[in-house]
There are 2 protein chains.
Amino acid sequence: MTSEDTAFGSVALDLMERALDAQGLRHTLPRRTMLEVVAGMGRPFTATELTERVAGRDPHIGRASVFRLLQLLRGSGLVERLHGPDGELYTLCLAREHHHHVTCTVCGQTATFSLEDDRAVARAVERIGFRMEHHVLQVFGVCPACREHTEEPSR
Amino acid sequence: MTSEDTAFGSVALDLMERALDAQGLRHTLPRRTMLEVVAGMGRPFTATELTERVAGRDPHIGRASVFRLLQLLRGSGLVERLHGPDGELYTLCLAREHHHHVTCTVCGQTATFSLEDDRAVARAVERIGFRMEHHVLQVFGVCPACREHTEEPSR
DNA sequence: ACCTAATTGATACACATTATCAGTGTTGAT
DNA sequence: ATCAACACTGATAATGTGTATCAATTAGGT
Ligand SMILES: [Mn+2]
Ligand SMILES: [Mn+2]
Ligand SMILES: [Zn+2]
Ligand SMILES: [Zn+2]
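Reading the values: the criteria
- Residues numbered from 1 in each chain as written.
- Chains lettered and ligands numbered in written order.
- Predicted model: local features only at pLDDT ≥ 70, side-chain atom pairs only at ≥ 80, totals over all residues.
- Heavy atoms only, no water.
- Donors = N, O, S within 2.8 Å, 3.2 Å for Na, K, Ca; no water.
- Tetrahedral: all angles 85-135°; square planar, octahedral: opposite > 155°, others 65-115°.
- Helix = DSSP H or I, 4+ residues; strand = E, 2+ residues; numbered from the N terminus.
- Buried < 20%, exposed > 50% of the residue type's maximum accessible area, 1.4 Å probe, protein only.
- Near = heavy atom within 4 Å.
- Polar contact = N/O pair within 3.5 Å; in protein donor to acceptor, adjacent residues only side chain to side chain.
- Contact = heavy atoms within 4.5 Å.
- Buried area = accessible area lost by both parts, 1.4 Å probe.
- Salt bridge = Lys/Arg side-chain N within 4 Å of Asp/Glu carboxyl O.
- Nonpolar A, V, L, I, M, F, W, Y, C, P; charged D, E, K, R; others polar.
- Pairing = 2+ DSSP bridges.
- Phe/Tyr/Trp six-rings, centres within 6.5 Å; stacked < 30°, edge-to-face > 60°.
- Axes fitted to C-alpha atoms, helices over the stretch in contact; angles between N-to-C directions.

K.L.:
Would you mind going over the coordination of the zinc ion (ligand 4) with me for this structure?
P.N.:
Four donors placed tetrahedrally around a metal ideally meet at 109.5 degrees, and six donors placed octahedrally ideally meet at 90 or 180 degrees. Residue and element names in this part refer to chain B. Here the zinc ion (ligand 4) is held by Cys104 (SG), Cys107 (SG), Cys143 (SG) and Cys146 (SG), and the distances to it run 2.2 to 2.4 Å. In this structure, the zinc ion (ligand 4) is surrounded by four donor atoms whose angles at the metal cover 102 to 113 degrees, and the resulting shape is tetrahedral. Each donor residue of the zinc ion (ligand 4) belongs to the same chain, with the gaps between them written as C-x2-C-x35-C-x2-C. With a gap of 39 residues between them, Cys107 in the loop between strand 3 (100-104) and strand 4 (110-113) and Cys146 in helix 6 (residues 144-150) connect regions that are remote in the sequence. Taking relative accessible area as the criterion, Cys146 reaches 9% and is therefore assigned buried.

K.L.:
Would you take a moment to explain the protein's contact with DNA strand D for this structure?
P.N.:
The immediate surroundings of DNA strand D are formed by 24 residues, with Arg26, Arg31, Ser65 and Arg68 of chain A together with His27 of chain B found nearest. Per the 4 Å cut-off to the protein, sugar and phosphate atoms form 64% of the nearby atoms of DNA strand D. Measuring from a base nitrogen of DNA strand D, one finds a side-chain N or O atom of Arg26 of chain B at 3.1 Å. Take Gln71 of chain B: an N or O atom from its side chain is 3.1 Å from a phosphate oxygen of DNA strand D.

K.L.:
Looking at this model, I keep getting lost on the interface of chain A and chain B. Mind explaining?
P.N.:
The figure often quoted for interface size is the accessible area lost as the parts come together. Of the residues lining the interface, 37 residues belong to chain A; the matching set on chain B comes to 37 residues. If you sort the residues of chain A by the area they bury against chain B, Phe130, Arg131 and Phe140 of chain A come out on top, with a joint share of 20%. Put simply, chain A and chain B have two salt bridges between them. With a shortest N-O distance of 3.9 Å, Arg127 of chain A and Glu116 of chain B are connected by a salt bridge. Linking chain A with chain B are 15 residue pairs in polar contact (both at pLDDT 80 or more). The set of elements that each furnish at least two residues to the side of chain A that touches chain B consists of strand 3 (100-104), strand 4 (110-113), helix 5 (119-126), strand 5 (131-142) and helix 6 (144-150) of chain A. Examining the composition of the side of chain A that touches chain B, we find that 12 residues originate from one element, strand 5 of chain A, more than from any other. Its residues assigned to classes, the side of chain A that touches chain B shows 19 nonpolar, 11 polar and seven charged. Relative to strand 5 (residues 131-142) of chain B, strand 5 of chain A runs antiparallel, the two being bridged by 11 bridges.

K.L.:
Help me understand the packing of aromatic side chains, please; the structure alone is not making it clear to me.
P.N.:
Given two aromatic rings, their pairing is described by the distance between the two centres and the angle made by the two planes. All names here are of chain A. Scanning all chains against the criterion turns up two aromatic pairs over all chains. Seen in terms of ring centroids, Phe45 and Tyr90 are 6.4 Å apart; in terms of plane orientation they differ by 20 degrees. Their pairing is stacked. Taken together, the residues Phe45 in the loop between helix 2 (29-40) and helix 3 (47-57) and Tyr90 in strand 2 (residues 87-92) connect sequence positions 45 residues apart. Tyr90 shares its class with Phe45; the two are buried.

K.L.:
Help me out: how do you make sense of the coordination of the zinc ion (ligand 3) in this one?
P.N.:
Residue and element names in this part refer to chain A. Coordination of the zinc ion (ligand 3) by the protein is provided by Cys104 (SG), Cys107 (SG), Cys143 (SG) and Cys146 (SG), with metal-donor distances spanning 2.2 to 2.4 Å. Viewed at the metal, the four donor atoms of the zinc ion (ligand 3) are separated by angles of 101 to 113 degrees, and the geometry they form is tetrahedral. In terms of primary sequence, the donors binding the zinc ion (ligand 3) are separated according to C-x2-C-x35-C-x2-C. Taken together, the residues span a long stretch of sequence, with Cys107 in the loop between strand 3 and strand 4 and Cys143 in the loop between strand 5 and helix 6 at a distance of 36 residues. Judged by its relative accessible area of 24%, Cys107 falls in the partly exposed class.

K.L.:
Quick question: what am I supposed to make of the sheet that holds strand 4 of chain A here?
P.N.:
In any sheet, the strands associate via hydrogen bonds between backbone groups, in a parallel or an antiparallel arrangement. Ordered by their spatial adjacency, six strands build an open sheet running 4(A)-3(A)-5(A)-5(B)-3(B)-4(B), and the pairing between neighbours is mixed. Two strands close off the open sheet at either side, each with one partner strand: strand 4 of chain A together with strand 4 of chain B. Between one strand axis and the next, the sheet turns through 25 degrees on average, direction left out of account. Here strand 3 of chain B pairs with strand 4 of chain B via four bridges, running antiparallel. Looking across to strand 4 of chain B, one finds that His100 of chain B is bridged to Phe113 of chain B.

Now the structure itself:
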C-alpha cells in the first residue's frame, strides 16, 4: 500500500462517514470496519469480493450488513453500481460532477472521464423528438499500464 | 394493433426465422409461438414478461425454452439485453449498425439513435491513456408522445 | 418408415439481492 | 450514570434471474 493509497483511503473514509452522519445514521463497529474495507479497495469490486474481505477483518459481520451498507453508500452517491460484463460491480467514486467510467478489460482497473461536449447526447435524442433526462455511458478498453504489455511499440 | 405494427412484426418474425435457419436450427411449434410473441412486443421486456405472454398463448411452453430462445436471438444480434434501472431488459432490435437506445421513462417505449460523432467517446478516453474497445450508451428521457401530455405548450 | 441429433419441459441448481425478525447496541434526553 | 427509544445487527428465509441436467419427444434428412 503506497502512501497515496493511504491518503486516498482516509479521505474516502472521511467522506463516507460524513455522508452517513448527514443522514443521521449511527456509528457502529461493524460499519466502521466495512467502511475501512471499502475505502481500501482500489478498484471496482463485486459484493462477494467485499463480503470476503470484510469477513477477513471480522468474520462475525453478516452478508446482509454488507449489502445494507452498499445501499446506503449508493444512496449518498459515494458508491456506484456498474454493469460489468460478468455481473454487477460496485465502485467507490468521489467525483461529484457528471462523469463516466472506463473499465480496463485486462486488469479491471476503472477510471473516470468526461466528454468534451456532453450535450451532444441530448442533441442526438432531440433529433428524434425525445427530451433527455439522463444517460449512462460505459466504456470498456485497455488501460495505459496494460497497453504496455499488449501493444508492441510502433517502430 | 395497427397495420404498421403487423407489418413490422412480420418483418421481424421473418428476420428471426431466417437467423435461426442460418444457424441450422430446427423449426418447432414452441419456437414459432415464442418468435411470434417476441415479434409482437412493441418495447423492451423482461424475461418474465415474455414468459407470461408466451404462457398466454401456450401454457405448455416452459420457462427454460424462453431463456434458450432469448440466448439464440441474442447470439444472432436480433435481441439485445439492456440494463434498465430495475433489472435487465430484452429488446428486439433490427438495426445492424452501431447505435444506442433511448427509453421513455413514462411509457417504456424505446427508440434507437446514433451520435453525430461517435469517435468523440474514443477520444475522451484516449485523453487519459485508454484505448477504447467498445462502449454502451443508454439514454433515459421522455418520448414525443409522452411529451405532449406532460409538457404544456410554450405559449 | 427410420434413424439420429436437436429440442423440449420439468426439475434442480447457482447466484445476487432483499425481506423478516428477535436480540443488541447507540444515542440523546434525563 | 440511567434509561428508554429505536437504529442496527446477524441468522435465516425468501425472491428473482438465469443456467445445468436429463429423460422423453420430435424434426427432418435418408
Ligand atoms: Mn462515478
Ligand atoms: Mn439496439
Ligand atoms: Zn488494465
Ligand atoms: Zn413515452
